[in-house]
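# Observations on the three-dimensional arrangement
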Amino acid sequence: MGDRKQLEARLLSAAELEDVEATRPPAIEQVSAEQLKVLAQRLRRARDRAKDIAARQKREMRGKADPRGTKPTRDNTGTLAKAQVLGEAIERIEEELSRNNAGRPVTTCA
């Protein structure tokens, strides 16, 4: 298993990992545009949640917020890396959607 795959497996939950794997070729080419849009929404929610947690952890580290757990946060690099992995998956979906739309004829209503 590659270093990237091991990192993702450590950072992401099982459902998130499954969603990220679905954004890689050849799997992404097998999925319809509607399914890609739904997948993008799920990934955006997960990415936004990870960003929110990272921001809260950063405030805890600076002493601006009370710790949410039993121990105060000392590092948020894992949470930031998780948000980055999810963001990259969203970018792959957006590229696939734009590539699919580029091949379709444009229909206009007169």
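Scoring rules and cut-offs
- Residues numbered from 1 in each chain as written.
- Predicted model: local features only at pLDDT ≥ 70, side-chain atom pairs only at ≥ 80, totals over all residues.
- Heavy atoms only, no water.
- Helix = DSSP H or I, 4+ residues; strand = E, 2+ residues; numbered from the N terminus.
- Rg over C-alpha atoms; globule rule 2.2 N^0.38 Å.
- Buried < 20%, exposed > 50% of the residue type's maximum accessible area, 1.4 Å probe, protein only.
- Contact = heavy atoms within 4.5 Å.
- Salt bridge = Lys/Arg side-chain N within 4 Å of Asp/Glu carboxyl O.
- Core = buried A, V, L, I, M, F, W, Y, C linked by side-chain atoms within 4.5 Å.

Scanning the protein from terminus to terminus reveals 4 helices and 0 strands. Traced from its N-terminal end to its C-terminal end, the protein shows the element sequence α-α-α-α. The C-alpha radius of gyration computed for the protein amounts to 18 Å, which surpasses the reference 13 Å derived for 110 residues by more than 25%, pointing to a less compact arrangement than a globule. For the protein, buried positions account for 30% of its 110 residues. Of the contacts formed within the protein by residues at least 6 apart in sequence, a portion of 61% connects residues at least 24 apart.

Once that is clear, we can look at the side chain of lysine 82. Structurally, lysine 82 is set in helix 4 (residues 77-102). Setting aside its immediate chain neighbours within four residues, lysine 82 contacts Leu11, Leu12, Glu16 and Ala50.

We now examine the pattern of salt bridges. This model, assessed by the stated rule, comprises 12 salt bridges. Across the pair arginine 24 and glutamate 8 runs a salt bridge whose closest N-O atoms are separated by 2.6 Å. With arginine 24 in the loop between helix 2 (14-21) and helix 3 (33-62) and glutamate 8 in helix 1 (residues 3-11), this pair connects stretches of sequence that are 16 residues apart. Given a relative accessible area of 18%, arginine 24 falls into the buried group. Look at glutamate 8 and you get buried, because its relative accessible area is 1%. The shortest N-O distance in the salt bridge between glutamate 94 and arginine 44 comes to 3.0 Å. Highlighted residues: glutamate 94 in helix 4 and arginine 44 in helix 3, separated in sequence by 50 residues. Among the ionic contacts, a cluster of salt bridges with common partners joins Arg4, Lys5, Glu8, Glu21, Arg24 and Glu88.

On to the side chain of glutamate 96. As for its position among the elements, glutamate 96 is in helix 4. Discounting chain neighbours no more than four positions away, the residues touching glutamate 96 are Ile28, Glu29 and Leu36.

Turning our attention to the nonpolar core. Core analysis: the largest hydrophobic core is formed by 16 residues, its most contacted members being Leu12, Val20, Leu43, Leu86 and Ile93. Elements with a minimum of two residues in this core: helix 3 and helix 4.

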